[in-house]
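Tertiary structure, described
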Amino acid sequence: MMGFAGLAPSYADDETPLGEEMSTLSSSLKKLRKAKTTEDKVALVHTAQEAALNSLKYLPIIFKEIKDEKEKAKATADYKMMSGQVYVKLCELELAYLAGDEEKADEIRGQLKDLKKEGHEKYTD
């Protein structure tokens, strides 16, 4: 991510660090269906949160195609914003599990699916 802790952007696809982080995030959320205890659910959410934060070190590979620097900067800002929204939803999910509110957790998981779909439409080929 440009400007994040002084790191230069790294571009990634499914077989790169970004793809690996997104896979970790996705698999953690899928495992929630089988998790039995609050502790197990919260641990999975923590894994997803860590992957979401780690994903900010990379940019989607399609950003290489953006030649106009102003457009690339806008796309980067949007990508970071969407990643931030995912992280916030993961924190809300953690709070719902800690409160024992499975209905709210289901609602938030649905919102996370919507964010995933939107992100994939924008930032994958």
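Keep in mind that this is a model prediction, so the values were computed, not measured.

Rules and cut-offs
- Residue numbering note: each chain is counted from 1, following its sequence as written.
- Totals for whole chains, interfaces and linings use every residue, but because this is a predicted model, local features are given only for residues with pLDDT of at least 70 and side-chain atom pairs only at 80 or more, for both listing and counting.
- The side-chain values count all of the structure's non-hydrogen atoms but skip hydrogen atoms and water molecules.
- Helix and strand assignments come from DSSP, with helices taken as H or I runs of at least 4 residues and strands as E runs of at least 2, each series counted from the N terminus.
- Each Phe, Tyr or Trp ring (for Trp, its six-membered ring) is paired with any other whose centre lies within 6.5 Å, and the angle between the two planes then decides the class: stacked below 30 degrees, edge-to-face above 60, tilted in between.
- Residue burial is assigned from relative accessible area. The probe radius is 1.4 Å, only protein chains are included, and a residue is buried under 20% of its type maximum, exposed over 50%, and partly exposed in between.
- Salt bridges are defined by distance alone: a side-chain nitrogen of Lys or Arg within 4 Å of a carboxyl oxygen of Asp or Glu.
- Patch members must show over 30% relative accessible area and no salt bridge, and they are joined within 9 Å when carrying like charges or within 5 Å when they are nonpolar side chains of Val, Leu, Ile, Met, Phe, Trp or Tyr.
- Computed by Shrake-Rupley with a 1.4 Å probe, the accessible areas treat only the displayed protein chains as cover when residues are assessed.
- Only four residue types enter the charge count, namely Lys and Arg as positive and Asp and Glu as negative; His and the chain termini do not.
- To locate a charge, the coordinates of NZ of Lys, CZ of Arg, CG of Asp or CD of Glu are taken.
- Multiplying 1.5 Å by the residue count of a helix minus one yields the expected span of that helix.
- Each polar contact in these results corresponds to two N or O atoms within 3.5 Å; when the atoms are within protein, one needs to be able to donate a hydrogen and the other to accept it, and residues that are neighboring in sequence are counted only if both atoms are side-chain atoms.

Of regular secondary structure, the protein possesses four helices and two strands. Each helix and strand of the protein, ordered N terminal to C terminal, gives the series β-α-α-β-α-α.

According to the stated counting rule, one finds three aromatic pairs in the structure shown. For the pair Phe63 and Tyr79, a centre-to-centre distance of 6.2 Å together with 75° between the ring planes defines the contact as edge-to-face. Taken together, the residues Phe63 in the loop between β2 (58-60) and α3 (69-98) and Tyr79 in helix α3 connect sequence positions 16 residues apart. Centre to centre, the rings of Phe63 and Tyr123 are 5.4 Å apart; their planes meet at 55°, and the pair counts as tilted. On the criterion of sequence distance, the pair formed by Phe63 in the loop between β2 and α3 and Tyr123 in helix α4 (residues 102-123) is long-range, its members being 60 residues apart. Among the residues examined, Tyr123 registers a relative accessible area of 12% and is labelled buried.

This structure, assessed with the given rule, holds seven salt bridges. Measuring nitrogen to oxygen at the nearest pair gives 3.4 Å for the salt bridge that ties Lys74 to Glu71. Pair noted here: Lys74 and Glu71 are both in helix α3, with a separation of three residues, about one helical turn. Taking the shortest distance from any N to any O, the salt bridge between Glu107 and Lys104 comes out at 3.5 Å.

Attention shifts here to a positive patch on the surface. Taken together, the side chains of Lys30, Arg33, Lys34, Lys113 and Lys116 present a region of like positive charge at the surface. Mapping Lys116 onto the fold places it in helix α4. A relative accessible area of 40% means that Lys116 is categorised as partly exposed.

Our next topic: the environment of Leu18. Checked against the element boundaries, Leu18 lands in helix α1 (residues 17-31). Along the chain, Leu18 and Leu59 lie 41 residues apart, while their C-alpha atoms are 7.5 Å from each other.

Now for α1. If you check α1, its first and last C-alpha atoms are 21 Å apart, about what 15 residues at 1.5 Å a residue would give, namely 21 Å. For α1, the complete set of buried residues consists of Leu18, Gly19, Glu21, Leu25, Ser26, Ser28 and Leu29.

Each full turn of the α-helix corresponds to 3.6 residues, which orients residues three or four apart in the same direction. Its 30 residues give α3 an end-to-end C-alpha distance of 43 Å, which sits within 8% of 44 Å, the value for a rise of 1.5 Å per residue. Among the residues of α3, the N-terminal cap falls to Asp68, whose side-chain oxygen and the backbone nitrogen of Lys70 are separated by 3.1 Å. Count one or two residues on from α3 and you reach Gly100, which has phi positive near 75°.

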